[in-house]
Amino acid sequence: ILAMDNVKKYLDTDLGIKKIEPAMTTDYPTKEGALTCYNKGCGENGSVFCHANTWAIIAECMLGRAENAYKYYHQLLPMIAQAKAGEWRYKAEPYVYASNIFGPESDKFGLANVSWLTGTAAWMYVAVTQYMFGIRARWDGLEIDPCLPDEMLPAKVTRVFRGKKYEINIEKNEKAQTVEQLCMAANLGNANAQNLLGRRYFKGDGIELNQAEAVKWFRKAAAQRSARAQCDLGHCYANGYGVPRNR
């Protein structure tokens with residue numbers, strides 16, 4: 001959580017997430033392999049590396065932070081980035097991703113570099129379909145666990161999976177499961193179900209509000225390395241919800 005908070009604080013720009021802050025001006029890390037082979041804001045030395053932005057979107061979805069995920073997705077769209085930078089500064093097609101965009105410490109901030117030759121499009125497809133829309137293939141079936149901002153809801157998706165076509169309607173960022181189903185899965189050790197059950201108890205959604213019980217399920221899921229549960233549990237400790245306040 002802290003890592004992604006610092007990504008937003010130190011690395012986020014109007015045109016995407018840059019690689020480092022600040023850009024290096026000395027022979028770092030070594031004279032022979034220095035980042036300063038690039039000018040400030042260029043390449044490895046502080047440009048917006050588009051490919052890696054997709055992983056930030058995935059990370060924010062795993063934390064359940066839909067607004068951050070959408071911001072990182074939207075600002076990197078080629079037509080949006082070109083419109084912000086200006087077409088004569090951007091100097092690349094508005095319909096295809098570039099490998100990188102010169103960062104804010106460059107006097108050419110906004111210049112798109114090496115379009116077409118990037119894994120950004122493929123990874124963005126994964127980030128949007130499997131994490132923002134949350135539709136992921138699993139051995140035991142199709143998982144639907146969306147993380148969409150309010151402006152993208154409701155959403156409708158057609159997905160072909162194992163020879164069948166599914167029409168999926170997403171009304172809110174939560175699996176469509178009953179409390180009974182969540183309880184069964186949570187008691188069997190499913191971390192995602194434990195976290196969702198904790199959220200139901202926390203909100204009093206379909207079950208009597210009980211913040212202490214919510215903390216219990218958040219803690220179980222967090223122990224299984226559920227990033228969303230760790231975030232929820234931290235929120236409870238920070239504000240004294242169902243547990244003594246401990247920042």
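Residues numbered from 1 in each chain as written. Predicted model: local features only at pLDDT ≥ 70, side-chain atom pairs only at ≥ 80, totals over all residues. Heavy atoms only, no water.

*Asks:* Just give me the short version of the pairing of strand β8 (residues 155–161), but keep the residues and values in it.
*Replies:* With seven bridges joining them, β8 and strand β9 (residues 164–170) adopt antiparallel strand pairing. Across the sheet, V157 pairs through a bridge with I168, a residue of β9. The loop that links β8 with its antiparallel partner β9 comprises two residues; one of these, R162, has a positive phi angle of about 50 degrees. (Pairing = 2+ DSSP bridges. Helix = DSSP H or I, 4+ residues; strand = E, 2+ residues; numbered from the N terminus.)

*Asks:* Lay out helix α8 (residues 191–203) in plain terms, naming residues and giving numbers.
*Replies:* Side chains that are three or four residues apart share a direction in an α-helix, a result of its 3.6 residues per turn. Along its 13 residues, α8 runs 19 Å from first to last C-alpha, staying within 8% of the 18 Å computed at 1.5 Å per residue. Among the 13 residues of α8, eleven are classified as buried, and the element is accordingly described as predominantly covered. Buried within α8 are the following residues: A191, N192, A193, Q194, N195, L196, L197, G198, R199, R200 and Y201. Elements in contact with the buried residues of α8: β7 (141–144), α7 (179–187), α9 (211–223) and α10 (227–239). For α8, the N-terminal capping position is held by N190, with its side-chain oxygen 3.0 Å away from the main-chain nitrogen of N192. (Expected span 1.5 Å × (residues − 1). Buried < 20%, exposed > 50% of the residue type's maximum accessible area, 1.4 Å probe, protein only. Contact = heavy atoms within 4.5 Å. Polar contact = N/O pair within 3.5 Å; in protein donor to acceptor, adjacent residues only side chain to side chain.)

*Asks:* Can you explain the packing of helix α2 (residues 50–62) against helix α6 (residues 120–132)? Please cite residues and give values.
*Replies:* Relative placement of two packed helices is described by the angle separating their axes and the distance separating the axes. Between α2 and α6, the least distance of the axes is 8 Å, while the angle of their chain directions is 10 degrees. By the angle class used here, α2 and α6 are roughly parallel. Of α6, the residues touching α2 (which contributes C50, H51, T54, W55, I57, I58, C61 and M62) are T120, W123, M124, A127, Y131 and M132. Across the contact of α2 with α6, the residue classes break down as eleven nonpolar, three polar and no charged. (Axes fitted to C-alpha atoms, helices over the stretch in contact; angles between N-to-C directions. Parallel < 35°, antiparallel > 145°, perpendicular 65-115°, else oblique. Nonpolar A, V, L, I, M, F, W, Y, C, P; charged D, E, K, R; others polar.)

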